[in-house]
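Below, each chain spelled out in residue letters.
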Amino acid sequence: GCEAIRNSNGSPQVNADWVNQIDLREDRYLFYATAEPEVQELKYQLKITAPGQFRCPPILAESMYDHTIHSVGEAGKLECRMTDAEAGKVGISK
């Protein structure tokens, strides 16, 4: 389906100044940050590698030292589509 877009230095391209550490795994990002009372937004970019419909696992947040503090979001869906021109370039029949 998709892969992380990296900066010229090889690190993931993420727009969130409040994130302390990023760990990019084969199938997910792990973000380490200090939780604040206000809402924080995290943006990252992905590169489509294959068309299709994919499930996105729910976001999970938990305290590093107190596992009674945690939250789990809802799972999502991601649909990756190619234009007719793009499909022709990579030999995918529609």
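Up top you'll find the structure we're talking about.
The present account deals with the structure reproduced in this document.

Cut-offs applied
- Residues numbered from 1 in each chain as written.
- Predicted model: local features only at pLDDT ≥ 70, side-chain atom pairs only at ≥ 80, totals over all residues.
- Heavy atoms only, no water.
- Helix = DSSP H or I, 4+ residues; strand = E, 2+ residues; numbered from the N terminus.
- Buried < 20%, exposed > 50% of the residue type's maximum accessible area, 1.4 Å probe, protein only.
- Contact = heavy atoms within 4.5 Å.
- Areas by Shrake-Rupley, 256 points an atom, 1.4 Å probe, with all protein chains shown as cover.
- Phe/Tyr/Trp six-rings, centres within 6.5 Å; stacked < 30°, edge-to-face > 60°.
- Pairing = 2+ DSSP bridges.
- Salt bridge = Lys/Arg side-chain N within 4 Å of Asp/Glu carboxyl O.
- Patch = residues over 30% accessible without salt bridge, like charges linked within 9 Å, V, L, I, M, F, W, Y side chains within 5 Å.

### Description of the overall build of the protein chain
Working step 1: A count of helical and extended segments in the protein chain gives one helix and 10 strands.
Working step 2: The linear arrangement of helices and strands in the protein chain, starting from the amino end, is β-β-β-β-β-β-β-β-β-β-α.
Working step 3: Taken across its 94 residues, the protein chain has 7% of its residues classed as buried.
Working step 4: Long-range contacts, defined here as pairs at least 24 residues apart, represent 41% of the contacts in the protein chain between residues at least 6 apart.
Working step 5: For the protein chain, the exposed surface amounts to about 8,000 Å²; the carbon and sulfur share of it is 49%.

### Thoughts on the packing of aromatic side chains
Working step 1: Applying the stated criterion to the full structure yields one aromatic pair.
Working step 2: Here tyrosine 29 and phenylalanine 31 contribute two aromatic rings whose centre-to-centre distance is 5.1 Å and whose plane-to-plane angle is 20°, an arrangement assigned as stacked.
Working step 3: Here tyrosine 29 falls in the buried class, since its relative accessible area comes to 14%.

### A closer look at the pairing of strand S3 (residues 19-24)
Working step 1: Two elements, S3 and strand S4 (residues 29-33), share five bridges in a ladder whose sense is antiparallel. Across the sheet, valine 19 pairs through a bridge with alanine 33, a residue of S4.
Working step 2: In textbook terms, the turn of a hairpin is the stretch between consecutive antiparallel strands, and for S3 and S4 this stretch comprises four residues.

### Thoughts on the pattern of salt bridges
Working step 1: Evaluation of the coordinates by the stated rule reveals one salt bridge.
Working step 2: One salt bridge in this structure joins arginine 25 and aspartate 23, with 2.9 Å as the shortest N-O distance.
Working step 3: Taking relative accessible area as the criterion, arginine 25 reaches 44% and is therefore assigned partly exposed.

### Examining a nonpolar patch on the surface
Working step 1: Residues Tyr32, Met64 and Tyr65 make up a contiguous nonpolar surface patch of roughly 400 Å² in combined accessible area.
Working step 2: Methionine 64 sits in the exposed class, given a relative accessible area of 53%.

### Topic: the environment of isoleucine 22
Working step 1: With respect to the element layout, isoleucine 22 can be found in strand S3.
Working step 2: Residue class for isoleucine 22 comes out partly exposed when judged on its relative accessible area of 28%.
Working step 3: For the pair isoleucine 22 and serine 11, spaced 11 residues apart in sequence, the C-alpha to C-alpha distance is 8.6 Å.

All we've got here are geometric facts, nothing functional implied.
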